[in-house]
Each structure stands twice: as structure tokens, then as C-alpha cells.
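Listed here are the chains, written in short residue letters.
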Amino acid sequence: MNFVFTLLSWATLMAADLPSPAAPPPPAEKPTAPPSGPSLTLAQAEQNALRRQPSIRQANGQTEAAAGRVEEARAGYLPQVTASGLYERTTGNYAPRPGALPASAMTAITMTTTPAPSWTTTYNTWSFGLTGSQLIYDFNATADRWRSAAVSRDAADSNTQGVTLQALLAVRRAYFQARAQRDLRRVAEEAVANQQKHLDQIQAFVKAGMRSEIDLATARTALANARVQMVTAENAEFSALAVLNQAMGLPENQPFELTDSALPPINGEDATSRDLTEQALRARPEIALANQQRRAQELQAASLRGNYGPSIAAAASLTGVGKSPDNLTPNWFVGLNATWAILQGGLTTGQVREANGTLAALSAQAEAVRLQVIVDVEQGRLAVRAAKSSIDGAEEALSNAREQLRLAEGRYRTGQGSVIELADAQVAYTTAEAQEVSARYSLASARAQLLAALGVR
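About the criteria used
- Residues numbered from 1 in each chain as written.
- Predicted model: local features only at pLDDT ≥ 70, side-chain atom pairs only at ≥ 80, totals over all residues.
- Heavy atoms only, no water.
- Helix = DSSP H or I, 4+ residues; strand = E, 2+ residues; numbered from the N terminus.
- Buried < 20%, exposed > 50% of the residue type's maximum accessible area, 1.4 Å probe, protein only.
- Contact = heavy atoms within 4.5 Å.
- Areas by Shrake-Rupley, 256 points an atom, 1.4 Å probe, with all protein chains shown as cover.
- Core = buried A, V, L, I, M, F, W, Y, C linked by side-chain atoms within 4.5 Å.
- Pairing = 2+ DSSP bridges.
- Axes fitted to C-alpha atoms, helices over the stretch in contact; angles between N-to-C directions.
- Expected span 1.5 Å × (residues − 1).
- Phe/Tyr/Trp six-rings, centres within 6.5 Å; stacked < 30°, edge-to-face > 60°.
- Lys NZ or Arg CZ within 6 Å of the ring centre and 35° of its normal.

A.B. asks: Would you take a moment to explain the overall build of the chain for this structure?
C.D. replies: Secondary structure assignment for the chain yields 10 helices and six strands. Relative to its 457 residues, the chain shows a buried fraction of 37%. Relative to all contacts within the chain whose residues are 6 or more apart in sequence, the contacts with residues 24 or more apart total 87%. Carbon together with sulfur atoms contributes 56% to the accessible area of the chain, which is approximately 25700 Å² in total.

Next up, the structure:
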């Protein structure tokens, strides 16, 4: 009788088969996954970043300010015209000044023509003037300052391009990191579902007296650990979505359903390091920025050296003064104005020295940028190559782990395997799934890195 009962119990347990890793059952409890939202492609995320990212708007503002400084520097080379007008209600009391006329003549004029001073007698006085000047030559001080500002404007534009590349790199990395965390959450949910099914199976075995209580305790521990890992994966997904929103410049965290799972291959990503480096040196805005900053400083130093010489300008003026606007006394003049700062206490010398020191620093910085570009390209190229290689290995490891778990579940059902063997197989399968997810999205991240290293948007 006992033999028949045991045989029936064993047949019942055999019928309740464990889940297949390839098609796991739904989880036993609903996870607190991020709320669903609108679909978001990588291209849409990039466009959001280009429109909303504060760093890009800041760089655009700096470029606009640099363009304004070009106009400011150019103004010194253009004609300067100033119009003025003055109306006064004034007294007309004569005030003799020493040295204006001999004392005897002054006394005679005062006695014969000058009325007695009055505080109440006033007159209308109108004065209009138009003055103009045009710089003729100042040893290229103004011209080189203008050219320097123009090159600085180009440098600001190159900086904007560099900031844009970095913003696109950040949003691409954030996008695929969030997509990877979503898949890792699903891996954790699958692990919880499998562990729950294992626990249900083991409880039936223990109840039938076919397994010991330690198997049940081991299964409960494994399920608890899987649930902790699922919570960790959910939190990581929330955090990755927040980083993605920040990279896109969105003011509030918004849930999205990320649809893209890969970044297309880059043209020439398998080319030699030398070919990729030459491409990067031609395209990277950081190289152009460093060269433009150096050229702008060269022109700035030349402009300061121009202050050693005189400045020559043409000047003209037309004025009209009288008691009423329709009865003005006109005067005009044209001429040349030359100014030369002969003694400045070494001001120009110090300015030139400072400019030359800054130029030397910028030259060294340009070389450092060039070296960094070479390193960036090599790191990006190697990251792509390593990610491609790791995908094949991760897929093979996942296939082997899936088979290992299937065999372990079968051995445990027939009493040939232990709960430790089953737990180890489940851990190996979950780890292999996570590695496969990481490998796939590591390739996308590596391609994003290589795009930025090559200066490609």
C-alpha cells in the first residue's frame, strides 16, 4: 500500500514539470516596474537633446556673444559720427579772465561795452554740432584685434560643435543604458519566476517525504535573493531613465518605452587605427577649436604690439551756435589727429608679454588635444572590437547555461541531482542572461563612443 502511494506521489510530481528557461512562466507576483509611457526611438532622443540640452543652448549663446565681439572690434575701423544738440537758458554776464587781454584794454572794454552783472537777465542759447572721425592707420592694432575677434567667433562655433557631440554621446549612452537596465529587470523577473516554481516543486517533494527540509530552506533563500535582485534591477531602471531624461534636457522625469536595441555599424569601424585617427584629426571640432584659439591669440599679440606706434585719424566738425535755431553762427573744421602713447610705465610691454605667454600655453594645449584625440580613437576602436567578440562568447555561454539548467532540473526531478546543483545552475543561467544583455548594449555604447571620437554626429 505504501509502495503504491509513493509511486502515485512520484508520478504526480513528475507531471508538474519545471519551467523551461527559454519560455519562463509569468512571475508569481507583479513587479513594480516603471509605468509605461510613449515609445521613444534613439533618433527622437537625439533630437530632444539637440533642442533642449542646456549645455548646447549655453554654447550657442557663447557663439552669439563672440559674434557680437567681432562687431565691436570692427567698429574701430569704421567712421565714427556723433550728433549733439544743446539748449540753455543762461545769464550773459561777462567774467574777465587773467591773461585774456592786457589789463588796460580789459578795463576799457568792461567800462564801455559790458553791462553790469545781473542775476535775472537771461538769454536763450542753442548749440548744434556734428563731428566725425575715421581711423587711418594705427600699425594694425585695430585690424589685428578685429581679425582676432573673428577667429575667436569661429572657435566658439567649433566649441558648440564639440559640445553637441558630447551631448549626443551622453544621450546615446543613457538611452542604451536604460534599455539594458530594462532587459536586466526582465532577466531578474524571470529568475524570480523560476525560483518560485522551484520552490513550489520542492515543497511538494518535501511534503511527500522525498526531499529533506534543507532543500526547502535552500530554495526559499534562493527565491529571497532573486527578489532582492529584482528590486535592485527595478531601481536601476528607474535611475537609468532619470539619467536619460537629464541627457535629453527634459525638465521632469518621464517614462518611455525604448524601442531601439542597437546602434547601426559605423562606416569604417573595422579600419586600421591610423586611418581612423587621420579621419578624427580632420573632423574633430576640438582640433579646430585648439587651432583657432591659438590663431586668435597670435592676432591678439600682434594687435598689442601695434600699440607701440602712433595712431592717425581724420577728424571733421560742423557746429552752429546762436540765440535761436533759425539764427545760428556756423563753424567747421577738418584735420588730422595723431596720438602716440610714449610713456605708459611698461603697460604695452607687459600686455605683449602676457599675450605671448598665453600663446605658448595654447600651443601646448593644442598638442595635448591632438594626443587625446589619438587616444580617444584607439579606445573607441578597441571597445567596438571587444564588444563584438564578447557577444559571441556571451551567446554561447547563455546557450550552455540554458542547457545546464534544463539538465539540472531534470536530474532534480528524478532524484539524481541536489538542490545545490539546481541552485547553481539557476544562478549560472541568470548570470549568463545578464552577460548577454550587457554584451549587446556594450556594443551600442562602444559605437557611440567611436562616433564621438571620430567627430561624427
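A.B. asks: Just to check I follow, could you spell out the nonpolar core for this structure?
C.D. replies: If you look at soluble globular proteins, the nonpolar side chains tend to sit buried side by side. Among the nonpolar cores identified, the biggest contains 48 residues, and Leu 40, Tyr 175, Leu 244 and Met 248 are the most heavily contacted of them. Among the secondary structure elements, those contributing two or more residues to this core are α2 (42-52), α5 (141-207), α6 (213-248), α7 (273-283), α8 (285-305), α9 (347-413) and α10 (419-454). Ranked by residues supplied to this core, first place goes to α10 with 12 residues. Discounting residues that sit within four places of it in the chain, Leu 244 has contacts with Leu 40, Val 171, Ala 174, Tyr 175, Ala 178 and Leu 258.

A.B. asks: Teacher, can you tell me more about the sheet that holds strand β5 (residues 311-324) here?
C.D. replies: Backbone hydrogen bonds hold the strands of a sheet together, and the pairing may be parallel or antiparallel. The four strands lie next to each other as β2-β3-β5-β6, forming an open sheet whose pairing is antiparallel. With one partner strand each, in any of the chains shown, β2 (80-91) and β6 (327-339) form the two edges of the open sheet. Strand-to-strand, the axes of this sheet are offset by a mean angle of 15°, without reference to chain direction.

A.B. asks: Honestly, α8 in this entry has me stumped. Any pointers?
C.D. replies: In an α-helix there are 3.6 residues to a turn, and that puts residues three or four apart on one side. Helix length check: α8 (21 residues) gives 30 Å between terminal C-alpha atoms against 30 Å at 1.5 Å per residue, within 8%. Within α8, burial applies to Pro 285, Ile 287, Leu 289, Ala 290, Ala 296, Gln 297, Leu 299, Ala 301, Ala 302, Ser 303 and Leu 304. Turning to α8, the residues buried within the fold contact α5, α7 and α9.

A.B. asks: Which parts of the structure should I look at to understand the packing of aromatic side chains?
C.D. replies: Within a pair of aromatic rings, the relevant descriptors are the distance that separates the centres and the angle that separates the planes. In total, this model carries seven aromatic pairs according to the counting rule given. For the pair Tyr 87 and Trp 126, a centre-to-centre distance of 4.7 Å together with 50° between the ring planes defines the contact as tilted. Of this pair, Tyr 87 sits in strand β2 while Trp 126 is found in strand β3 (residues 122-137), placing the two residues 39 residues apart along the sequence. Exposure remark for Trp 126: the relative accessible area of 25% places this residue in the partly exposed category. On the basis of an interplanar angle of 15° and a centroid distance of 6.3 Å, the ring pair of Trp 126 and Phe 128 is categorised as stacked. Pairwise contacts between aromatic rings join Tyr 87, Trp 126 and Phe 128 into one cluster. One cation-aromatic arrangement involves Arg 211 over Tyr 412; the distance from NZ or CZ to the ring centre is 4.0 Å.

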